[in-house]
Amino acid sequence: MSFWNRSQQEPETQSDTLPSRALLWLMVSFALLLTPQFDRLPVWLMAVCVVLAGWRWLAQQGRVRLPGRWLRTGILLALIAVYLIRVQGSFTVDTAASFFVLTVGLKWLETRTARDFYVLFYILVYLATVNFLFHQEVHWALVNIGAIGLLLIGLQVLNAPELPGGMKAGWRRLGVMLLKVLPIVVLLFVFFPRMEPLWSVPLVSGKARTGISDTMRPGDISSLAQSSARAFRVTFGGSMPEYRDRYWRGLILDTLDDGTWRQSGYEPYRRPGRVDLDGGVGELQPQEYDVLMEPTDQRWAFALERSVAVSDNVVKEADDLFRFRRPADSPVRYRLARDNSPEQTVPTLEPGQARRYLQLPASGNPRARALAADLRQSNSEVGVIRSLLSRFREQPYFYTLRPPRMPDNGIDSLLFDDMRGFCAHYAGATTFVLRSAGIPARVVVGYQGGESGAGDEYLVVRQYDAHAWVEAWVEGQGWVRIDPTAAIAPNRIESGLRDAVAEEGSFLENEWASAQRYGDVALIRWASQQLDRINYQWQRWVVGYQGQSQMDLMSRLPGGFGIKELGYLTAGIVGVGLLIAGLISALQMRRGASRDRYGRVLGAWYQLCERAGVPVRSGETPSALASRLAAAEPAVADSARLFARMVNSHYYRPQSKSASARDGSDEIQRMRRLLATMRRQLRKAGKNQRSNPRHLAHSGKLSD
Amino acid sequence: MSRLIRSRWQRWINRRIPRSDVQLLTQRNLFILPTAPGVVFGVLLLIMLITGINYQNSLIYLVTFLLGAVFVGAMHQTHRNLAGLELTLVQTGEGFAGDDILFRLRAAAGKDDAIAVTLSDGDTSVRIGHVPSGQSADVALPVGSAFRGYLRPDRIRIETRFPFGLLKAWSWMRPISTAVVFPRPIAAPDVVSAVDDGEQTASSRSPEGNDHAELRPWRDGDMSQRVMWKRFARSGQMVVADWEADKRSPHWLDFNAFAGADHEVRLSYLSWLVVERGKSGSRFGLNLPGQVIEPDSGPAHATRCLRALAVWGEEKPRDAVGAPYGTRRTTDSGRRAKPGAVI
C-alpha cells in the first residue's frame, strides 16, 4: 500500500518542479511546428498529439494525474500499434515525419523533470529543421524560427522562473542577443563552404502532390484548374514571350488505352543520386530564362518550345523534353535558353516512331473515325488539321470547367452530342481524329500562360494554368503545335483561364481562401503579388544560395576564393567574432570598474603597498594601512600618512556635491602626484636595501 | 592520476581565489563551461549541420548558424549574470554539532542584473534568484557541521545557468570568517541521578563542599580572582584556591565532574547542562581547564558558555590555512582527523 502511494505521488511532486509557463511555451511551439506538417500528417495523429499535450497541461494544473508506468506503456504500445497499422510497412518521408511527431506526443506524458524538458527541446528543434526540408517559403521560415524562439523563451523560464517581466522581457533579451550575433550569422551563411552532400536519402513523399500527372483521363486537368497553387516561376533574361506563346511543355502522352492517355516510353528509373540543385549562376543572357519549380516528386521539367539546357541539373531527352537527374522533392531552380536559330535539317520520322504516334484502340468512337475518314478524303495533311480546327471554331463547342459525364465513347459524345469540354477533352479528341486520319499526333501536357508577378519582373505559373494540347507531324515541317482550345475559347490562350470561364463563374469555385480567386480586387491582387515577390527573391537568393551560387559570388570577390579558402575564412570569422566579443566585454568590464576615479587611484595605491610587502587586509582603514606601510618602509612614511588622510577626507567628509565635484579633479591630481612620489621613494629605498634584501618585508609581516 | 590533477586544480583555484569574506566576481575568478544539456545541444547542432549539408538546404544552414550564434551569445549573457556581482559573507551563524549552520551572505549585483543565481556548499544549495542591477539580496546558506569548534566551508559555490541552461558560469567564495559550533548536547548521567534524588543530594553536598577548597600553587592561566591575595600579602606566595567543592555545587558545571569520560563527551554533557540551565533560567557557572566563567543567568550567559565549550582547546583557523574546517564533507572523506580527539 505504502509502495503504491509513494510511486504515485513521486511523479506528481516532480512535475511541480517544471514551471507552468515554460511548459506552455513548449506546447505553443509544438503547435506552431506542426502547422507546416499539417497536410502531411494524418488526422488521428494530430488528435492524439492534442490529447496528450492537453493531458500534460491538465496534470500541470493539478486537475488530473499523469499516467503511471503501466498505463504509459499501454498508451505507448497502443499508439505504436495504430501507427504500424496505418503505415503498413511503407517507408516514406511522411511516415517518418509522423513517427517523429508521435514520439514528441508520447514524450509529453513523460515530461516530469528538467531533463525531459531538454529532450523535448532537442526534438522540437530538430522538428523545425525537418520542416525546412519541406517548406522553404518566407512565412514558413518565420514560423519555424519563431517556434525555435518560443523554445528558447521556454528555456529561459525554466532556468529563471522567478524572473519578472515574463514573455516581453524574454523576447527582448533574446532579440538583443540575436541582434548582437546577427553579423556573424550572416557572414557564416555567406562564407561557410557549401560542401558536397555526404550521403543522400531521397525525400520521396507517399502523398500525391498537386500537379499534372503522367496519365490523362478527361477530368484530371479540370480538377487541377481548381487549384491556385504555384507550379513554377520564371525570370527571363530578355523580354517575356507573348501570353499566347507561353506553352510550357512537360510531357508527352502517346498511348490511348481505355479512354486514358498515357506515356508509352518507359521512363528508366534512376537511382536517387545526390541532391544537385545547382541551377546555373551569373547574369541571365537575353535568350536565357530561369525557372524555379515547386517540388513535384517527378523528374520532368517544364520548358518553352525549342529550348536548350543551360544549367547542369536538367538534361534534354527525346521529344524535346527536359528531365532532372533526380526527382524534384524540393524546390528546384534550373536554367534554359530559347533557341531561335532556324532549323538546319529537315526532320524525319522513323517508321517505329510513326507507328507509335498512330496507335489507336481497335474499336470505339465510330463517329469520330468516320469524321476522320471523311476529312482525309478531301484534304491533305494540313488541310485535315485546318478543317478540324475550323469545325471547332464554327460549331457551338463550349469550353467549360463543368463538363458533363461522358462514359461510353467519350470522344464521340464530346464531338457530336454534348460539345462541352475542357482542354484535355479537346486535345484527346483532336489527337484521336488526327490519328484516325493517318496523321501522327500526340498529346502534350504542361502549362499554358502565367501571369506577371509584382513589377513584371517574373512570371508566375499556377496549377490552374495546366493545359493539354496536340502536336501533329506534318511532313517537311516536323512537329506542329495544334491547340483546339485556342479555336474554341481564344480567351484561354490569350489571357488565361479566369477570362475563359468568367461567364460560367467556375474559376477556383472551391478555393475560398485563394488570393487568386479575388484577383479582380486590386488590393488583394497587389498584396498577393508583393508577397509572392518577397518569396521569390527569398527562394532565389537565400534558399537557393548553394554551392555554385556561392562559388559564383566568391569569384566576384578579389582573391579567387576556393572551397578550401572559404573553410579558412569561416574559421577566421568565427575566431575573430569570438575575439571581438571577448574584447568588447573586457572593455565594458574595465570601464565599469574604472568609472570611479578615486577607486582607480586607490587601486594603484593598494598595488604599491603590495609591492612594498604590505598586502592589504580586508576591512583595513586607509590610516591603518598607511601606518603599516610606514613601519615597513620608513622612507615613505610621511607621504603614506598624508595619502591616507586625503582618502579619509574624501570618503568621510560631509556630502556637498557641488564642492566635491569641483575639487575632485584637483584632489585626484594631488593624490596621483603623491603616489608618484611614493613610488620614487620606494625605488630609492629599494636600491639602498639591495645589500640587505627582504628585511623590510619581513618586518612588515611581523608588525601585525 | 585524477587525484593528482584534482589537487593541482584545487591549488590553482586556491591561488586564484584567495580567502576573503568579500568576493567581487570578475573575469579573473569566473569560470564558464557548457553543461550536459549544452554538450548535447552541440551534438544536435552538428547533426543539423550534416542534415543541411546532405540536403543542401540553405535554411538549415541558416538556422544552425543562428542557434550556434545564440549559444555564443548565451555564453556572454551567462558570464554577465555573475560578472560584477559582489558576494559578502555578512554573518556566520551558531548551532550544535551535526546541525546545519546558517551563513548569511549578501549578493550585490553590479551594473548588470544577476539572474537565476544559486549558492551551494556541497549538497545544499540555496537559490538567490534575481538581483536587479545595483541592488542586493541576502540569503542564508546552511552548511552542515560535523563536530564542535570552528566551522568554515572550504568553498561556497555561486552559479548561474541563465538564460538557457546550456552553459554554467560559476565562481567560488572562500570565506575567512568562521562559524562556531557548540558541542552536541548529550544528557549528562550525573544529573539524571540528581533529578531522581531531588533536592536532597544537592543540598547535602553544598555545605560540606565549601570547606574543601584545596590550595595549590599558582600556575599559568589561573584567573587573578582565584589567587589568595591575603596569603600573598603575608607570605609572598601565589596560592590559588581550587574550588573543588564549589564546583560540585549545583551552581557550577565542571569539566572535571565526569571522571573517565572522553573530553568530547564531557563537553557534550556540559553543553546539555548549559542548555537545561539556560531553559530553566537558573544561575550557573562553568569551569573548564584554563577557563572559568562566573555564575550568572540569562540567555547571553548561556551562549557565552556554549561558545566557550565550543572552542575549548580549538585553535582559530588561520587565514592562510586553505583547509576547510569542520564541515561534514571533509569529515566524511576522512581527510582530516577530528581535532578535539588529539588533545
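Our structure's up above, just so we're on the same page.
Every value quoted in this text rests on a predicted model; they were computed, and no experiment measured them.

Rules and cut-offs
- Residues numbered from 1 in each chain as written.
- Chains lettered and ligands numbered in written order.
- Predicted model: local features only at pLDDT ≥ 70, side-chain atom pairs only at ≥ 80, totals over all residues.
- Heavy atoms only, no water.
- Helix = DSSP H or I, 4+ residues; strand = E, 2+ residues; numbered from the N terminus.
- Buried < 20%, exposed > 50% of the residue type's maximum accessible area, 1.4 Å probe, protein only.
- Areas by Shrake-Rupley, 256 points an atom, 1.4 Å probe, with all protein chains shown as cover.
- Pairing = 2+ DSSP bridges.
- Salt bridge = Lys/Arg side-chain N within 4 Å of Asp/Glu carboxyl O.
- Patch = residues over 30% accessible without salt bridge, like charges linked within 9 Å, V, L, I, M, F, W, Y side chains within 5 Å.
- Lys, Arg positive; Asp, Glu negative; His and termini not counted.
- Charge placed at Lys NZ, Arg CZ, Asp CG, Glu CD.
- Polar contact = N/O pair within 3.5 Å; in protein donor to acceptor, adjacent residues only side chain to side chain.

## Details of the overall build of chain B
In terms of helices and strands, chain B carries 11 helices and 17 strands. Residues counted as buried form 48% of the 343 residues belonging to chain B. For chain B, the accessible area works out to roughly 16,600 Å², and carbon and sulfur atoms hold 53% of it.

## Side note on the sheet that holds strand E10 (residues 321-324) of chain A
In sheet architecture, strand pairing relies on hydrogen bonds along the backbone and comes in two forms, parallel and antiparallel. Spatial ordering of the open sheet is given by E7-E10-E9 (chain A), a layout of three strands whose pairing is antiparallel. Pairing within the sheet leaves two strands with one partner each, and these edge strands are strand E7 (300-301) and strand E9 (314-317) of chain A.

## Focus: unusual backbone geometry
Note that the residue after Phe162(B), namely Pro163(B), is joined by a cis bond; omega there is 0 degrees. With respect to the element layout, Pro163(B) can be found in the loop between strand E10 (156-160) and strand E11 (167-173). Even without being a glycine, Asn365(A) presents a positive backbone phi close to 50 degrees. With respect to the secondary-structure elements, Asn365(A) resides in the loop between helix H10 (351-356) and helix H11 (366-378). Although it is not a glycine, Ala116(B) sits at a positive phi angle of roughly 50 degrees. Considering the arrangement of structural elements, one finds Ala116(B) in strand E6 (residues 114-121).

## Quick notes on the pattern of salt bridges
Residues and elements named next belong to chain A. Under the counting rule described, the total for this entry stands at 36 salt bridges over all chains. The shortest N-O distance in the salt bridge between Glu471 and Arg249 comes to 3.0 Å. A residue pair is termed long-range when its members are at least 10 positions apart, and Glu471 in strand E17 (residues 466-474) and Arg249 in strand E3 (residues 247-253) qualify at 222 residues. There is no split in this pair, since Glu471 and Arg249 are both buried.

## Remarks on a positive patch on the surface
All names here are of chain A. Together, Arg611, Arg679, Arg680, Arg683, Lys684 and Lys687 give the surface a local cluster of positive charge. When residues of the positive patch are assigned to their parent elements, the largest contribution, five residues, is made by helix H24 (residues 657-688). Among the secondary structure elements, Lys687 is positioned in helix H24. The class of Lys687 is exposed, set by a relative accessible area of 60%.

## Here we look at the environment of Arg246(A)
Residues and elements named next belong to chain A. Inspection of the secondary structure puts Arg246 in the loop between strand E2 (230-236) and E3. The class for Arg246 is buried, based on a relative accessible area of 9%. Taking the C-alpha atoms as reference points, Arg246 and Tyr447, 201 residues apart in sequence, are found 8.1 Å from one another. Reaching out from Arg246, the side chain makes a polar contact with the backbone oxygen of Pro241 at a distance of 3.1 Å.

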